[in-house]
Amino acid sequence: MYKYILDPSKTNEGPVAIGRTITSTTSRQVRDYLLCAECEDLFNKNGESWVLGQVWNGKHFPLRDRLKLALPKYEFSSVTVFSGSSVGIDTDRLAYFALSVIWRAGVHTWNLAFGGKTTRLNFGGSEESIRRYLLGETGFPKDAAVLVHVCTDYPSTGSFYTSSESRTETSPSLKRFGFQALGLNFMVFVGTIPPTVRQFCCVQSPSKVVFQRDCSEKTEQAFAQLMATSREARGLNS
């Protein structure tokens, strides 16, 4: 995803990253040594490779292009709902990718581009069921749900941000996490999953639903929290 958002007209310059204290271009990524090659290969073949072929790649947005040719299942408010199974979207890989991303944010503290570290996510009692699912030892966890939104707005299409926990007023035994990947907005619930959430899960709902919407409000909120304490580096806009 870092490569996808590079400006080809600017050589030797990384993408713009918004940190807690500074906003600047950088080639440094959120990365660390965590898994063995076998587990990395599991993540790649079960989700990462397929998803990276569906997001905005600087020229095209394959998954959104597919939805443009599909008939929606129904619409409500500002959201269009599609049947993933009818459209031919591999929602199992979308869900695997989402759980693999948040799991890595929960079991390890990562180094950030401009210094500092991430805050580990707390899954309560759901960490083990997610781990076993990612290893292929069990099916999709009963204590998890993944909602996928395909974004129609430009800011969300051309950006991504790491996993974080969001407040949920549904139940104290339910946790919600979110992250964005170049036009795909993921909401992951873990804990005691109510039927109202399960019916919108891209794996557990009968038609494996996928949503399409303008995600700009969520994107702006995510970056606004960082920009409140972040200063722009000198010459950033030159």
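The structure contained in this document is the topic of the report that follows. (Residues numbered from 1 in each chain as written. Predicted model: local features only at pLDDT ≥ 70, side-chain atom pairs only at ≥ 80, totals over all residues. Heavy atoms only, no water.)

Notes on the overall build of the chain
Counted only if it meets this: Per the convention used, a helix needs a DSSP run of H or I reaching at least four residues, while a strand needs a run of E reaching at least two, with both numbered from the N terminus. The atom set for the radius of gyration is the C-alpha atoms, and the globule formula is 2.2 Å times the number of residues raised to the power 0.38. For each residue, the accessible area found with a 1.4 Å probe, counting protein chains only, is set against the maximum for its type, and the residue is called buried under 20%, exposed over 50%, and partly exposed in between. Only the protein chains shown count as covering a residue, and every accessible area follows the Shrake-Rupley method with a 1.4 Å probe. Asp and Glu count as negative and Lys and Arg as positive, but His and the ends of the chain are not part of the count. Positions of charges follow a simple convention, taking NZ of Lys, CZ of Arg, CG of Asp or CD of Glu.
Regarding its fold elements, the chain presents eight helices and 10 strands. Radius of gyration (C-alpha) of the chain: 18 Å, near the 18 Å computed for a compact globule of 238 residues. Counting only C-alpha atoms and orienting by the principal axes, one finds that the chain spans roughly 50 × 40 × 35 Å. Across the 238 residues in the chain, those meeting the buried criterion constitute 44%. For the chain, the exposed area adds up to about 13000 Å²; of that, 50% sits on carbon and sulfur atoms. Mean positive and mean negative side-chain charge positions of the chain (27 and 22 charges, respectively) differ by 1 Å.

Section: the pattern of salt bridges
To keep things clear, this is the line we draw: When a carboxyl oxygen of Asp or Glu is within 4 Å of a side-chain nitrogen of Lys or Arg, the pair counts as a salt bridge.
Under the counting rule described, the total for this entry stands at seven salt bridges. Notably, a salt bridge pairs Glu 48 with Arg 104, separated by 2.9 Å at the nearest N-O pair. Of the two residues, Glu 48 is situated in helix α1 (residues 37-52) and Arg 104 in helix α4 (residues 91-107); the sequence distance between them amounts to 56 residues. For the pair formed by Glu 48 and Arg 104, the shared burial category is buried. Between Asp 65 and Lys 68 there is a salt bridge, with its nearest N and O atoms 3.9 Å apart. Highlighted residues: Asp 65 and Lys 68, both in helix α2 (residues 62-68), separated by three residues, approximately one helical turn.

Digging into the state of the cysteines
Test applied: Pairs of cysteine sulfur atoms within 2.5 Å are identified as disulfides in what follows.
On inspection of all chains with the given rule, the structure shows one disulfide. Put simply, Cys 151 and Cys 215 are joined by a disulfide, and their sulfur atoms are 2.3 Å apart. Here Cys 151 and Cys 215 share a disulfide; its torsion about the S-S bond, -90 degrees, makes the bridge left-handed. Residue Cys 151 is located in strand β5 (residues 144-151), and its partner Cys 215 is located in the loop between β9 (209-213) and α8 (216-227); the two are separated by 64 residues in the primary sequence. Of the two residues, Cys 151 and Cys 215, both sit in the buried class. With no disulfide of its own, Cys 39 has Cys 36 as its nearest cysteine by sulfur position, at a separation of 3.7 Å.

A closer look at the packing of α1 against α4
Convention followed: Angles shown run from 0 to 180 degrees and are taken between the N-to-C directions of axes, each axis being a line fitted to C-alpha atoms and, for helices, limited to the stretch in contact. Oblique is the label for every angle not falling under 35 degrees (roughly parallel), over 145 degrees (roughly antiparallel), or within 65 to 115 degrees (roughly perpendicular). Left-handed is the label given to a crossing in which the near helix is rotated counterclockwise from the far helix by less than a right angle, and right-handed is the label when the rotation is clockwise. Note on contacts: a residue pair is in contact if any heavy atoms of the two residues lie within 4.5 Å.
It is the contact of α1 with α4, at a shortest axis distance of 8 Å, that shows an interaxial angle of 125 degrees. In terms of axis orientation, α1 runs oblique to α4. In this structure, α1 meets α4 at a crossing whose hand is left-handed. Side by side, α1 and α4 meet where Glu 40, Leu 42, Phe 43, Lys 45, Asn 46, Gly 47, Glu 48, Trp 50 and Val 51 of the first sit next to Arg 93, Leu 94, Tyr 96, Phe 97, Ser 100, Trp 103 and Arg 104 of the second.

A short note on the pairing of strand β4 (residues 79-83)
Successive side chains on a regular strand alternate, one facing one side of the sheet and the next facing the other. To keep things clear, this is the line we draw: We call two strands paired when DSSP finds no fewer than two bridges between them.
Of all five residues making up β4, five are buried, and the element is well covered by its neighbours. Taking every second residue as pointing to the same face, both faces of β4 are buried, with Val 79, Val 81 and Ser 83 on one and Thr 80 and Phe 82 on the other. Where strand β3 (residues 74-76) meets β4, three bridges bridge the pair, whose relative direction is antiparallel. The residue of β4 that forms the bridge with Glu 75 is Thr 80. Counted between consecutive antiparallel strands, the loop separating β3 from β4 contains two residues, among which Ser 77 sits at a positive phi close to 50 degrees. Note that β4 and β9 share four bridges and pair antiparallel. Bridge pairing in β9 links Val 81 to Phe 211.

A few points about the packing of α4 against helix α5 (residues 127-135)
As a reminder of what qualifies: Under the scheme applied, nonpolar residues are Ala, Val, Leu, Ile, Met, Phe, Trp, Tyr, Cys and Pro; charged residues are Asp, Glu, Lys and Arg; polar residues are all the others, including Gly.
Between α4 and α5, the shortest axis-to-axis distance is 10 Å and the interhelical angle comes to 130 degrees. The orientation of α4 with respect to α5, classified from their angle, is oblique. In this structure, the crossing between α4 and α5 has a hand that is left-handed. Where α4 approaches α5, its residues Asp 92, Ala 95, Tyr 96, Leu 99, Ser 100, Trp 103 and Val 107 are matched on the opposing element by Glu 127, Ile 130, Arg 131, Tyr 133 and Leu 134. The residue inventory of the contact of α4 with α5, partitioned by class, reads eight nonpolar, one polar and three charged.

Observations concerning unusual backbone geometry
Phi is positive for Ser 77, close to 50 degrees, though the residue is something other than glycine. Looking at the secondary structure, you find Ser 77 in the loop between β3 and β4. A residue is classified by how much of its surface remains accessible, and Ser 77, at 76% relative accessible area, is exposed. Of note in the backbone geometry, Leu 182 takes a positive phi value of approximately 45 degrees without being a glycine. Looking at where Leu 182 falls in the secondary structure, it is placed in the loop between β7 (174-181) and β8 (184-191). On the accessibility criterion, Leu 182 (0% relative accessible area) is buried.

That's the geometry; what it means functionally is another story.
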